[in-house]
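Summary of the model geometry
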Amino acid sequence: MRDLAERIAPRKPLATWLYWAQYSIALFVLGFPLAVYEGFVREHKYGLSNQTLAALLIDGCKGLGLNIVLGGLAVMVLLGIVRRLPGTRHVWGASAAIVFQTILILISPVFIAPMFNKYTPLTDARIRDPILRIARQNGISATNVYQVDASRQSKRISANVSGFLGTERITLNDNLLSRCSPQTIMAVMGHEMGHYVLNHLYKLLTFLAIEAVIFFAVLRWSLAWSIARWGEQWQIRDTGDPAVLPLAVLILSVLSFVFTPINNTIVRTQEYEADIFGLNSARQPDGFAEAALLLGEYRKLDPSPLEEVLLFDHPSGRTRIYSAMRWKAENQCLGDAVRPCGR
Ligand SMILES: [Zn+2]
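Before going into details, it helps to say that this report is about the structure given with it. Computed from a predicted structure; not experimentally measured.

Right, let's talk about the overall build of the chain for a bit. In terms of helices and strands, the chain carries 13 helices and four strands. Counting only C-alpha atoms, the chain reaches 80 × 40 × 40 Å along its principal axes. Within the chain, the proportion of its 343 residues that are buried is 40%. Here the analysis covers contacts within the chain between residues at least 6 apart in sequence; of these, 72% occur between residues at least 24 apart. On the chain, the mean spot of the 34 positive side-chain charges and the mean spot of the 27 negative ones are 3 Å from each other.

Spelled out as structure tokens, the structure:
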């Protein structure tokens, strides 16, 4: 693939991009059976999918196209850095990766997510107005809440906060709207506002930046070591050769696998913070417990503590229902204007 790319494009950046395009297509084709099993066979077996195989394939092709364009740009820049700044390549590589990550989060809600789903302002005042009231209570100057047609793909309930620097938005999916009580919707929205108010996105980006520095330092060292040892046999000339990409992807995959419990724990900790924020702001412990039960459709409700620490990027249903019921027992009086707390 490298030789073909270099024959077609004598200029290095374009050859890198052509290599990336071929490599992405090869990965897509080779990974397709697993993707169908995971995203179609299993999902239908659990009754969680609304998608036909054709629709799944179309979404997959859109993802592949994005990967070829955006991933290709990133790879062109990264290999350019490797070729031009050999002494400090890991530092500049990590910096570029952080910039790409930031841009991706920035443009995702505006340009990428709408390629897969339709986002519309939530117009039902009975749902929207209480959400905006809680938002204002917590210093969020939102004027709009969005809904997304997630039912195109699945029956799962979900909501999220995305974007930043002016692109941030709170979105709830149509499954949440059609399957849950107003109390549950409020509870979930309180949680999402927690992410927003507690600046979770910025904190996560800071952590990812630290991780990127570690990853690129390890990558630099392990690529140099492997190429010195097997470079000739694998026909990889040096670290600036596009043919190094599969090896780099392999090393980064192993690293991110090793980091899974750390990343999960960071995200899970933020999720728990958002849970508590949501209980305090929406004051719907029963609604929150109901949401946790519905999430049990695709998340094990009562894992062992070790399972939760290693594999869960959200608190388990058990943890969430427990904290909701404890909140209810201790703060029930908050919802009762006639009988103030402590009487
Ligand atoms: Zn969350």
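Another aspect to go through is the nonpolar core. Core analysis: the biggest nonpolar cluster contains 24 residues, and Ile131, Leu172, Leu176, Ile185, Met189 and Met193 have the highest contact counts within it. Put simply, the parts of the chain that give this core at least two residues each are helix H5 (125-137), strand S4 (169-173), helix H7 (182-197), helix H10 (260-282) and helix H11 (285-295). Here isoleucine 185 is in contact with Ile127, Ile131, Leu172, Leu176, Leu177 and Cys180, once residues within four sequence places are set aside.

Attention now goes to the coordination of the zinc ion. At the metal site, the zinc ion is ligated by His191 (NE2), His195 (NE2) and Glu271 (OE), and these contacts range over 1.9 to 2.1 Å. Read in sequence order, the donor residues for the zinc ion give the motif H-x3-H-x75-E. Of the two residues, histidine 191 and histidine 195 both sit in helix H7, four residues apart, roughly one turn of that helix. The same class applies to histidine 191 and to histidine 195, which are both buried.

Moving on to the packing of aromatic side chains. Geometry of an aromatic ring pair is reported as the spacing of the ring centres plus the angle between the planes. Taken as a whole and assessed by the stated rule, the structure comprises six aromatic pairs. Geometrically, the ring pair formed by tyrosine 19 and tyrosine 23 is stacked, given 6.2 Å between the ring centres and 20° between the ring planes. Of the two residues, tyrosine 19 and tyrosine 23 are both situated in helix H2 (residues 12-45); the distance of four residues between them amounts to about one turn of the helix. With respect to class, tyrosine 19 is no different from tyrosine 23; both count as buried. Ring plane angle 25° and centroid distance 5.2 Å describe the contact between tryptophan 230 and tryptophan 234, whose orientation is recorded as stacked. Of this pair, tryptophan 230 and tryptophan 234 are both found in helix H8 (residues 200-234), four residues apart, which corresponds to roughly one turn of the helix.

Criteria and cut-off values
Residues numbered from 1 in each chain as written. Predicted model: local features only at pLDDT ≥ 70, side-chain atom pairs only at ≥ 80, totals over all residues. Heavy atoms only, no water. Helix = DSSP H or I, 4+ residues; strand = E, 2+ residues; numbered from the N terminus. Buried < 20%, exposed > 50% of the residue type's maximum accessible area, 1.4 Å probe, protein only. Contact = heavy atoms within 4.5 Å. Lys, Arg positive; Asp, Glu negative; His and termini not counted. Charge placed at Lys NZ, Arg CZ, Asp CG, Glu CD. Core = buried A, V, L, I, M, F, W, Y, C linked by side-chain atoms within 4.5 Å. Donors = N, O, S within 2.8 Å, 3.2 Å for Na, K, Ca; no water. Phe/Tyr/Trp six-rings, centres within 6.5 Å; stacked < 30°, edge-to-face > 60°.

Shape descriptors only; they carry no functional weight alone.
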